[in-house]
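Inside the fold
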Amino acid sequence: MEEENLDLLEIKKQNEEQISKEITYNLTLRNTEGLNDILSSHSSSTITSAIENVDDFDILSFYSLSSDYKKLGELFSYLPIEMRKIITSNLPKKVLVNIFSNVMDDDLADFIEDLTKSEREKILNILPSKRKKQIALLTRFSDDTIGSFMTGEYLSVKPTDTISSVFKKIKDVGSTMESVRTIFVTDSTNHLLGIKSLEEMMFDDPDSCICDNMEKDYPSLSPIADRENAIEIFKKYDLPILPVTSKNNDMLGIVTFDDVLDIIEKENTEDVYMQSGITPSDEEHHQSKFYKIAMSYVIWLVILLIINTFASLIVDRFETELMTLPVLVAFLPVLNDTGGNSGDQTTSIVTRALATGEIKTRDYFKVLLKESLAGFLTGIVIFLIALGWTMVELNTSIINVKDTLDKFISDVGGNRQYAYFIVSLVIASSLFFAVFVSKILGASLPMLAKLCHIDPAVISGPLITSVMDILTLLIYFTLARFIINHFDPGEMASMIAVLGAFRV
């Protein structure tokens, strides 16, 4: 199967290289017919990949010579933003008007949002007034809302229209719409009355009114709602298209299933970035400037640097314990990694469950109880394993403690095994509490973030790891101090003598 996939990728690459050569050849001959044939014979995504290595002048020539504006408009939405800027800055107004008339409203709005004020005004000034208002409406919404993904290119009909007249309208204007799979019935004030699917219409009486059999109970989306809501509603109702309405149920636009796929891709990309401590960017990696990439790294690294300052303060505060038991330093990496990894496990599960709608913020106490019990059980298992493994490490010289434990061994009456057991107990107990606390925090922080309208993915990865590093150090050294301060060498010596007598 893997070899077959590699073969398909190789064939796809060779196909794109061939198309690229054909484009270059026809551009050299200035063959408009040949370029139009290429546009009609291949998908926009394939042509986009084929012209990735074509220089800027050839791209402009391609758009100037080709006359298949419908395909050029579709292709425009697939091009990298820098390439689109070159096209809009250099092509004549007449050509741009023809291209933009074939670009979907939501795609054009997304492009305009990334332009400077002067570039934005240049494009808006060549659009018809009605479309300019629609684009202005779309650009009004922030990128993380449903409104930024909706399009105004939907088919609306009057409630008195017959099924046959609706089909005629589909034939007349359907090609200019985003989709005609769902028909929206509106009144004279653009108030949404109902919806009707194209599949159902095919079996209705052609002379009947569409209002007779339209769906009056339908789900809809709010333009100011978080874009993640669209994923949940599409998943729940299993519909290809949903209307976007105002609070008065006025029709504003539609969101299609392919828009939802874009939302899912953006959300997943953002989550991966946030979980790795990287500021998300809309630009693809190979298009980003190196200084922008650096800034996406620096912001979170600086934040984590400041947070980890508290870890240094804790180590400094417990310097006495480190002087008494220098061997404690050798186990710091194990403790910090275990606490951080344990917390990251839970935040990943809870964050994903929040994203898919499996759990809500109102389920906090149920989630907390379940993760607390899981954390307690996990902590017990880790405690027992760590206790035994640390004893093995100390006894087999995996960790060299010859000089670092001499004084402590002397304090316990010269019994090396008792000294090893106390150190192992400190390590194992610290790991137990670190795992238990990390599960509680891992369940709580994403929920708190969601409640505060912050992406829960922010809590995952480096942030929860850094927080747990601090708490683990605090737990570790507090336990060490407690055991050292409450340890009486005289009592231990008496205990050893009593145990020795019993053995005799």
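What you see is a predicted model; the values in this text were computed from it and never measured.

1. Quick look at the overall build of the protein
Summing up its helical and strand segments, the protein has 23 helices and 5 strands in all. Going through the 504 residues of the protein one by one, you find that 43% of them count as buried. For the protein, the share of sequence-separated contacts (at least 6 apart) that also reach a separation of at least 24 residues comes to 69%.

2. Some details on the nonpolar core
Counting residues in hydrophobic clusters, the biggest one holds 54 residues, and the most contacted among them are I23, F62, Y63 and F100. Looking at this core, the element that brings in the most residues is helix α4 (residues 56-65), giving 5 residues. When near neighbours in sequence (up to four residues on either side) are disregarded, Y63 contacts L72, L75, F76, L79, I87, L91, V95 and I99. Of all hydrophobic cores here, the second largest spans 35 residues; its members include A311, F331, V426 and V458.

3. Observations concerning the sheet that holds strand β2 (residues 182-186)
Within a sheet, each strand pairs with its neighbour through backbone hydrogen bonds, oriented either parallel or antiparallel. Taken in spatial order, the 3 strands line up as β1-β2-β3 in an open sheet, and their pairing is mixed. Single-partner strands in this sheet number two, and they are β1 (156-157) and β3 (192-197).

4. A short note on the pairing of β3
Counting buried positions along β3 gives 5 out of 6 residues, so the element sits mostly inside the fold. Pairing of β2 with β3, which is carried by 5 bridges, proceeds in the antiparallel orientation. The residue of β3 that forms the bridge with V185 is G194. In this antiparallel pair of consecutive strands, β2 and β3, the connection spans 5 residues, and N190 shows a positive phi of 70 degrees.

5. Side note on unusual backbone geometry
The backbone phi angle of R30 is positive, close to 55 degrees, even though this residue is not glycine. We classify R30 as exposed; its relative accessible area is 55%. Look at N249: it is not a glycine, yet its phi comes out positive at around 70 degrees. Tracing the backbone through its elements, the reader meets N249 in the loop between β4 (241-245) and β5 (251-256).

6. Quick word on the packing of aromatic side chains
With the rule as written, the count across this model stands at 11 aromatic pairs. Between F76 and F111, the aromatic rings sit 5.4 Å apart at their centres with planes inclined by 90 degrees, giving edge-to-face as the arrangement. Here F76 is found in helix α5 (residues 69-76), whereas its partner F111 is found in helix α8 (residues 105-113), with 35 residues between them in sequence. Just as F76 is buried, F111 falls in that class too. Grouping aromatic residues by their ring pairs yields a cluster made of F376, F432, F433 and F436. Above the ring of F76, the side-chain terminus of R84 is found at 5.9 Å from the ring centroid.

Basis of the calculations
Residues numbered from 1 in each chain as written. Predicted model: local features only at pLDDT ≥ 70, side-chain atom pairs only at ≥ 80, totals over all residues. Heavy atoms only, no water. Helix = DSSP H or I, 4+ residues; strand = E, 2+ residues; numbered from the N terminus. Buried < 20%, exposed > 50% of the residue type's maximum accessible area, 1.4 Å probe, protein only. Contact = heavy atoms within 4.5 Å. Core = buried A, V, L, I, M, F, W, Y, C linked by side-chain atoms within 4.5 Å. Pairing = 2+ DSSP bridges. Phe/Tyr/Trp six-rings, centres within 6.5 Å; stacked < 30°, edge-to-face > 60°. Lys NZ or Arg CZ within 6 Å of the ring centre and 35° of its normal.

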